[in-house]
Amino acid sequence: AVSLLGSGHGGNFWDKAGSCQELVERLTVAAREFDADVVIVAKGAKAYEALQRARRDFVEGASGWSEEDVWDLGSNSRDLFEQAASIGEAARDGNLVLFVGAGASIESGVPGWSQLIWSLAKDVLSLEGGDEASLKSQLGQMDPRDAATVLSRRCPGGPDELKHRITALVDVGRYSLTHGLLASLRSREMVTTNWDRLLQIAAEDGSDPLHVLPFEKGSPGGRWLLKIHGGVEHLESMVFTRDEYLGAPRQSGALYGLLQAMLLTKVML
């Protein structure tokens, strides 16, 4: 990962466009030569758009290069490229809704379901002095939502204490490359099942923040993120146990109705 080198006090302040073009060209060639992945990290929308423009100009103008060379996606590259182009068109037209699941956050160090359940189980055991082997065997045979129910009942501080402990595990504060790229798409509407704040932090770093539904009121033309399973900002909203999952559509009917409307009228990625 590299920044936009030399574009501040490094001497190229007055030629940012030239810096973008040179950087994109040299790194694209180097990536192919050394079989490496390279990420250019832009600070702010203007630099990001300038780098995108430089990449497009390079692909269209460089001899011996094509879109297939730059976007080599393996044996299914052509089909995937066509799908990606269709998704990009939907994004430009304002018709793309992003649905973000746990995979994006796991890249940031947020625990997956199994890891989360066991980390919480060890916390509960330390509080009540239970039999670790017995509880691990019991939880390992359960659906994660049922395991969550058991932990919620056995936690000495009750469900609220358990959700405080969940927050300590998932509110890591450092977003992944996936979060940064998704936030950079500028989709006006996003949906997530995640409790963390990582998409919000990524959007704020791009100077285009998200209003978080249902905790905040959206603004006309603004971007918003729908957290259908609640979030760490409001512990009482977090959907974790079996009963909470079953009750969510009833208690948050309007939010699920909004999700269904987007499925019918938008392109969802």
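What counts and what doesn't
Residues numbered from 1 in each chain as written. Predicted model: local features only at pLDDT ≥ 70, side-chain atom pairs only at ≥ 80, totals over all residues. Heavy atoms only, no water. Helix = DSSP H or I, 4+ residues; strand = E, 2+ residues; numbered from the N terminus. Buried < 20%, exposed > 50% of the residue type's maximum accessible area, 1.4 Å probe, protein only. Contact = heavy atoms within 4.5 Å. Areas by Shrake-Rupley, 256 points an atom, 1.4 Å probe, with all protein chains shown as cover. Lys, Arg positive; Asp, Glu negative; His and termini not counted. Charge placed at Lys NZ, Arg CZ, Asp CG, Glu CD. Pairing = 2+ DSSP bridges. Salt bridge = Lys/Arg side-chain N within 4 Å of Asp/Glu carboxyl O. Phe/Tyr/Trp six-rings, centres within 6.5 Å; stacked < 30°, edge-to-face > 60°. Core = buried A, V, L, I, M, F, W, Y, C linked by side-chain atoms within 4.5 Å.

## Here we look at the overall build of the chain
Looking only at helices and strands, one finds 13 helices and seven strands in the chain. Based on the C-alpha atoms only, the size of the chain along its principal axes is roughly 65 × 40 × 40 Å. In the chain, which comprises 269 residues, the proportion classed as buried is 36%. If you take every contact in the chain between residues at least 6 apart in sequence, the share linking residues at least 24 apart comes to 64%. Accessible surface, the chain: about 15,500 Å² in total, of which carbon and sulfur atoms supply 51%. One way to put it: in the chain the 27 positive side-chain charges average out to a point 4 Å from where the 37 negative ones average out.

## A word on the pairing of strand β4 (residues 189–192)
The alternating pattern of β4 places Glu189 and Val191 on one face and Met190 and Thr192 on the opposite face, and all of these are buried. Where strand β3 (residues 96–100) lies against β4, four bridges are found, and the strand directions are parallel. Bridge pairing in β4 places Val100 opposite Thr192. Bridge count for β4 against strand β6 (residues 223–227) is four bridges, and the pairing is parallel. Each residue of the ladder has a partner; that of Thr192, found in β6, is Lys227.

## Section: the pattern of salt bridges
On inspection of all chains with the given rule, the structure shows 13 salt bridges. The salt bridge partner of Arg165 is Asp123, with a shortest N-O separation of 3.4 Å. One end of the pair, Arg165, is in helix α9 (residues 158–170); the other, Asp123, is in helix α6 (residues 113–128), and 42 residues separate them in sequence. The partly exposed category is assigned to Arg165, whose relative accessible area is 21%. Between Asp208 and Arg223 there is a salt bridge whose closest N-O contact spans 3.8 Å. With a gap of 15 residues between them, Asp208 in the loop between α11 (198–205) and β5 (210–213) and Arg223 in strand β6 connect regions that are remote in the sequence. Members of the salt-bridge network, linked through shared partners, are Asp143, Arg145, Asp146 and Arg242.

## Describing the sheet that holds strand β7 (residues 267–268)
Taken in spatial order, the five strands make up an open sheet running β5-β6-β4-β3-β7, and their pairing is parallel. Sheet topology places β5 and β7 at the edges, where each strand pairs with a single neighbour.

## Details of the side chain of His179
Mapped onto the fold, His179 is located in helix α10 (residues 177–184). Here His179 is in contact with Ala104, Ser105, Ser108, Leu198, Leu199 and Ala202, once residues within four sequence places are set aside.

## Topic: the packing of aromatic side chains
In total, this model carries three aromatic pairs according to the counting rule given. Geometrically, the ring pair formed by Trp113 and Trp195 is edge-to-face, given 6.4 Å between the ring centres and 70 degrees between the ring planes. Here Trp113, found in helix α6, pairs with Trp195, found in the loop between β4 and α11; they are 82 residues apart in sequence, far enough to count as distant. Residue classification places Trp195 among the buried positions, given a relative accessible area of 10%.

## A short note on the nonpolar core
Counting 25 residues, the largest nonpolar core has Leu139, Leu151, Trp195 and Phe240 as its most contacted members. Of all elements in the fold, only α6, α7 (132–140), α8 (144–154), α9 and α11 reach the threshold of two or more residues within this core. The biggest single contributor to this core is α6, with seven residues. Sequence-distant contacts of Leu139, that is, excluding residues within four places in its chain, are made with Ile117, Ala121, Ala147, Val150 and Leu151. The next biggest cluster of nonpolar side chains, apart from the first, holds 14 residues, and it includes Ala91, Leu96, Leu98 and Leu199.

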